[in-house]
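Architecture at a glance
Here's the letter readout for the chains.
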Amino acid sequence: MSQLRSLAGALRSSSQWMRGQVGSGRRVFDPRRNCSSGAAEPSLAACSSSYVVEMYYAWLEDHKNVHESWDAYFRNAQASSSEETGEKHLSALLQGRAMSQTPAMNSSLKNENLLKLNSLSGSYGLEESDLDKSFQLPLTTFIGGNESTLPLREIIHRLETSYCGHTGVEFMFINNMEQCQWIRQKFETPGIMMFSDREKRTLLARLVRSTRFEDFLARKWSSEKRFGLEGCEVLIPALKMIIDKSSEAGIESVIMGMPHRGRLNVLANVVRKDLDQIFCQFDPKLEAADEGSGDVKYHLGMYHERINRETDKNITLSLMANPSHLEAVDPVVQGKTKAEQFYGGDTEGRRVMSILMHGDAAFAGQGVVYETFHLSELPSYTTHGTIHVVVNNQIGFTTDPRMARSSPYPTDVARVVNAPIFHVNADDPEAVMYVCKVAAEWRNTFNKDVVIDLVCYRRFGHNEMDEPMFTQPLMYKQIRKQEHVLKKYADKLISEGVVTLQEFEVCVSLYGNLITVSLCKHLFHSCCFPDFFKLDGEPKSMSCPSTGLNEEVLRHIGEVASSVPLKDFAIHSGLSRILRGRADMVAKRTVDWALAEYVAFGSLLKDGIHVRLSGQDVERGTFSHRHHVLHDQEVDKRFCIPMNHLWPNQALYTVCNSSLSEYGVLGFELGFAMASPNALVCWEAQFGDFQNTAQCIIDQFISAGQAKWVRHNGIVLLLPHGMEGMGPEHSSARPERFLQMSKDDPDRYPEFTGDFEVQQLYDCNWIVVNCSTPANYFHVLRRQILLPFRKPLIIFTPKSLLRLPEARSSFDEMITGTKFLRIIPDGGPASNHPEKVKRVIFCTGKVYYELAKERKQLKLEEDVAIVRLEQISPFPFDLIKAEVEKYSNAELIWCQEEHKNMGYYDYIRPRFLTVRSKNPIWYVGRDPAAAPATGNKFTHLAELKRFLDTAFNLEAFKGRSY
C-alpha cells in the first residue's frame, strides 16, 4: 500500500540504518549528481534523501569532502541548532534543507517529504506522540483549506484522501510550477470532489444507458462480435462529462478517435446515432446502402450535430472511422482537428478539440502513439491539447502487462510531453467524473495534452466469442465475481437517499423500452462534403475543365517566385543565383520542376484554394530545389514565404517541415485533407523509399478508405523516385505496391463512352502518375482540384530531372486550353512515318531521357518510337490502343529502370494484352532482385548500359517465344 500508510510504523522504528561506519578513504561528492545543476544550493526536493545523508556523514568526516555550498549549509545548520546531536540533529538538517530556514518554520513539514518517510524512517526524529502535534503547512500544499496548521495525523489522512484512494495522479515530472500547483489544488483542496444530487442522478442515468445498451446487444445477438464495453461502462458518462465541460468552456466541435471496443456504445450514447441504424448492421441480410465494400460495424464512424443538454449549446461530434490497426487513427484525428481549427480561424483551439481513446496494450505498444504525441506542440501540427482516455483492461488480448511493456504504467509514453496522467478506478463513477472534469479544465486552461487512465477490466474475452480462461484463469475467476458498476452505484445512491429503488427501476425500464422498439427502419446513407457533391453523394458534373492558365498569371507567379517581397531582407548568395535563374526562365517562357510546382500552387491560391505542403525538409526541398521559405542571413528567425505575397485576397499557403516521422505525419495530413475538398494537401517523403514506414496509413486509409467508409479524400503523395546509383534506400518509392492495390480490372476492356478520362478517374480508388515534364506535373496538381470529386493522387517525383536542362517545359504547354497528358506520344521523325517504325518503346518517368539520348546517339529516331506513360493508373486504355494501332507493324517493348519484379511491368503487361492480345510486349530493364537498387555505382552504370543496349537491339527478341 501507500508509503503514507506506513508512516506510523516508520515513526516507531529506529534510525539505525543511518549509523553506518564512514570509510577511511577520502570521498568527494558532486552536489549535481542527483540534483538540478541550475540551483546554487540544491534543495532536498531536488535531491534523493539518501544522497543528503551520505553527504552529511561525509561532511562530518571532512568538510572538504563536499561541495562548498553544502559545507556552508551544514555549518549554518549546526550553528543554529548546536544543542541537538546525533540523529535528531540530522533530522533537523534534512527538515530544514527542504523548508524555509527561519525559526518560525521549525515545526513545518513539507508534504513531498512525507511521501518519503517510509524510506527515511526515523530521520525526522519524530515519535508516535507527534502524530497529534500540529505542524505549519507549506505554501505549496492545499490540504489545509483555510487552515495554516494541521495535526500530523490529519495531514496524513488528507494526503491519503487526495492521492491514495481511487485516484492516482502523476504530475511531478512536469517542469512548470504553475501547472503543478494547479493540479495540486484540484486534488488536495478538502471537499473538492463533492457532487450534487442532480449530478449524481445524471451520472446514474448515463450509466444505465451504457450498461443496458450492452445488455440488449448481448441478449439479442449473442453469437455476434460487437466488442462490448462490459467492465468499463463508465466510459460513456466519462466522455459525456468531458464534452459537457468542454462545451461549457466554448468548444463547438469535438473530433474523436477510438479502437473497436465500445464503439457501438459510443455511437449510440455519445454521438447519438439512431439505434435502428446500429441494430440494422447486425442483420445478416443487410445490403450496403452506399457504394464500396463497406466495413464491419465496429469500425464505422459518424458525424452529428446536436444540442448539448447540460449547456444548451450546439455541439458537433465526429467519431472517425478506423481500421483494426490500433492507434492508426490517432494522427488522422489530429489532422482533421487541425484542419477544422484552421478553416474556422480557431488559432488557440478554443472551439475545436480532439478526444482520443486507447487500449492499454496499444497505447504502450504502438509507436504511432509516440509519433502523435510529438506532433502535439509543433506549430504547424498542434491542436492545442488533446484529452486521451485509456481504457485500461489490464490485459492485451491474451497478453499480461508484464509481457506487454517495460514501463510501470501503460500511460508512461505521455510523460515525454509533460502531459499529466490521472489514474482512476473505473468502478468508482464519481471519481471518474471528477477526473474527467479536471482533464477538460486542464485542456481549456493550458491547451496541453492530458491522459485519463481508466483502470478497469474486460468482462469477456477479446471479443464475445473468445475464451479468456485459457490464458488468465485466476484473473477471470475474480472478474466473474465482480459486481457490475451500475448495481454498485445504484445501491450507493439508494442508500444515500439520492434516488429511490422505484426511480432507478423506472430509469432502467424506460431505456429498455426505447432500445426494444428501435427496429431496422432504414439504412444509413452517408455523404462527405455535402456542399461539394449532390445530396445523393454523386458529383455535380462528370467533366474537368482545362487546367491551363492565362500567360499573364503564369508570368506574375514566376516573377514573385524569382524575387524577395520583403525589403531589407538578406538572402544567401547561393539562393540569389537560384532566383536569378528563375527570372531568366520566366523571361524565356520556360519552367523547371520547382517553378512549375510554384505556378500550380500559386494559381490555386489565387482561386481561394488553400495549399498545404508538409513533410521532412519540404520548405527548402530535400534536393535544395524548392526554397519556399527564405531565411534572412542577418536576423535570426526572420523568414519570408513569397507564395503568400502573390495577391491581396489569395488563400493562405502553408508549408511546414515535419518531425522525422512518416506514419504519424502522413496520417495527420490525411486527416487534414478530410476536412475540406477545397484544399490541396500534399505530403512529400524525403525519399520515396521512406513511405513504407507509413504503409498502414497508405493501405488502410488512402487505398481503401473510400470503399470502406464512403469518404472521398484528395491527399497528394509526392514520392521522389529514380534509379540514380544512390543505393537501395534512396532509389525506389515502390510503385509496384501502389499499382498492385489499384482496383482497375486488367482483363476487362472498358467502354469508351462520355468523358472516359474523368469517368475512369471516378471509378478508381486512387490515381498513380509518373510525370516526365514540369508542365505535366503542373497540370496534374491543378487537375486534382478541378475534378468534380476527390481521389488520392500518388506522384512519383524526380530527383536528377529537377536540374536536367532537357527536362523543362514551355509556357505553351501550360497556357489556357492545355491539360494533363495521360500519355506523351513520340513527337519525332518516327511519328511521321509510323508504318516504317520497327519498335515502340513504352516507358514512364526519368528513363525516357536516357532512352532518348541513347536513340539519338544510335541514330534510330526513324526506327524506334518512344511513348511515355504519364498516368499509369487508371490505365489509359483508349490512348494506348490508339498508339498500338498507329504503329501496327512495330514490336512492342516495355522499358523500365526498376528491376523486373518491381516497378510497373507486372501491372502494364496484362493491360497491354487486353488492348492487343495478338502481340506480346517484351520486357527490357533490370533483372529480378531482392533489393530495389545496387549500392555500387559501377554496378548501377553497368546495369543501365546493359538494358539500354537491349532496348535498341532490334534483333534482341527475334525468334523468341513470349
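The protein carries the name oxoglutarate dehydrogenase (succinyl-transferring) in an unreviewed UniProt entry, which gives Cyprinus carpio as its organism. Regarding the protein, the UniProt comment filed under Subcellular location (unreviewed entry) reads as follows: "Mitochondrion". Under Catalytic activity (unreviewed entry), UniProt gives the following word-for-word description of the protein: "N(6)-[(R)-lipoyl]-L-lysyl-[protein] + 2-oxoglutarate + H(+) = N(6)-[(R)-S(8)-succinyldihydrolipoyl]-L-lysyl-[protein] + CO2".

**Side note on the overall build of the protein**
The helix and strand tally for the protein stands at 34 helices and 26 strands. Residues classed as buried in the protein amount to 57% of the 962 residues present. Within the protein, counting contacts between residues at least 6 apart in sequence, those at least 24 apart form 79% of the total. Of the accessible surface of the protein, which amounts to about 40500 Å², a share of 51% is contributed by carbon and sulfur atoms.

**Overview of the pattern of salt bridges**
On inspection of all chains with the given rule, the structure shows 45 salt bridges. Of the charged contacts, one joins E348 and R350 as a salt bridge, the two residues approaching to 3.7 Å between their closest N and O atoms. Between K819 and E757 there is a salt bridge, and its shortest N-O distance comes to 3.5 Å. With K819 in the loop between strand 20 (809-810) and strand 21 (823-824) and E757 in helix 28 (residues 756-763), this residue pair connects regions lying 62 residues apart in the sequence. With relative accessibility at 47%, the residue K819 sits in the partly exposed group.

**Remarks on the confidence of the model for the protein**
With 86% of its residues at a pLDDT of 70 or more, the protein shows a mean pLDDT of 86. Contacts from residues 1-48, a stretch scored under 50 in pLDDT, to residues over four places away or in other chains number 102 contacts. Counted against residues more than four places away or in other chains, residues 519-526, with its pLDDT under 50, gives 20 contacts.

**Here we look at the environment of E897**
If you trace the backbone, E897 turns up in strand 25 (residues 891-899). With 53 residues separating them along the chain, E897 and T844 place their C-alpha atoms 9.3 Å apart. A distance of 2.9 Å separates a polar atom in the side chain of E897 from a polar atom in the side chain of K846.

**Regarding the pairing of strand 25**
For strand 25, the buried fraction is high: eight of the nine residues fall into the buried class. Sheet topology note: the strand 25/strand 26 (residues 921-926) ladder contains five bridges and is parallel. What sits directly across from L892, in strand 26, is I921. Between strand 25 and its parallel partner strand 26, the chain crosses via helix 33 (residues 905-915), and the hand of that crossover is right-handed.

**Some thoughts on helix 9 (residues 197-220)**
An α-helix turns once per 3.6 residues; consequently, residues spaced three or four apart project the same way. Taking 1.5 Å per residue, 24 residues should reach 34 Å; helix 9 reaches 34 Å between its end C-alpha atoms and fits that length. Restricting attention to buried positions, one finds in helix 9 the residues K200, L203, L204, R206, L207, V208, S210, T211, F213, E214, F216 and L217.

**Some details on the packing of aromatic side chains**
In this description, a pair of aromatic rings is defined by centroid distance and the angle of the planes. Enumeration over the complete set of coordinates arrives at 33 aromatic pairs. Considering the side-chain rings of F738 and W766, the 5.4 Å spacing of their centres and the 50° angle between planes classify their relative orientation as tilted. Of this pair, F738 sits in helix 27 (residues 735-740) while W766 sits in the loop between helix 28 and strand 18 (767-769), and the two are 28 residues apart along the sequence. A single burial state applies to F738 and to W766, both of which are buried. An aromatic cluster of at least three residues, connected via ring pairs, comprises Y749, F752, F756, F842, F875, F877, Y907 and F912. For the cation-ring pair, K606 lies above W647, with the distance from its terminal atom to the ring centre recorded as 5.8 Å.

Procedures and definitions
- Numbering of residues begins from 1 in every chain and follows the order in which that chain's sequence is written.
- In keeping with the predicted nature of the model, local features appear solely for residues at pLDDT of at least 70, side-chain atom pairs appear and are counted solely at 80 or more, and the whole-chain, interface and lining totals rest on all residues.
- Excluding hydrogens and water, the side-chain values take into account all heavy atoms of the structure.
- UniProt positions are given in the numbering used here, feature names are shortened, and annotations may be inferred rather than shown by experiment.
- Helix and strand labels come from DSSP, where a helix needs a run of H or I of at least four residues and a strand needs a run of E of at least two; each type is numbered from the N terminus.
- Relative accessibility under 20% of the residue-type maximum defines a buried residue, over 50% an exposed one, and the middle range a partly exposed one, all with a 1.4 Å probe and only protein chains included.
- For this analysis, residues touch if any pair of their heavy atoms sits within 4.5 Å.
- Here the Shrake-Rupley method, with its probe set to 1.4 Å, supplies the accessible areas, and only the displayed protein chains count as covering residues.
- Note on definitions: salt bridges are taken to be side-chain nitrogens of Lys or Arg within 4 Å of carboxyl oxygens of Asp or Glu.
- One confidence number per residue, pLDDT, is output by the predictor and ranges from 0 to 100.
- Here a polar contact is taken to be a pair of N or O atoms separated by no more than 3.5 Å, where protein atoms must pair a possible hydrogen donor with a possible acceptor and residues adjacent in sequence count only if both atoms sit in side chains.
- If DSSP finds at least two bridges between two strands, the strands pair.
- Viewed with both strands pointing away, a crossover whose connecting path from the first strand over the helix to the second turns clockwise is right-handed.
- Helix span, expected: 1.5 Å multiplied by one less than the number of residues in the helix.
- Side-chain rings of Phe, Tyr and Trp (the six-membered ring for Trp) are treated as a pair once their centres are within 6.5 Å; stacked means planes under 30 degrees apart, edge-to-face means over 60, and tilted covers the remaining angles.
- Criterion for a charge above a ring: Arg CZ or Lys NZ at most 6 Å from the ring centre, at most 35 degrees from the ring normal.

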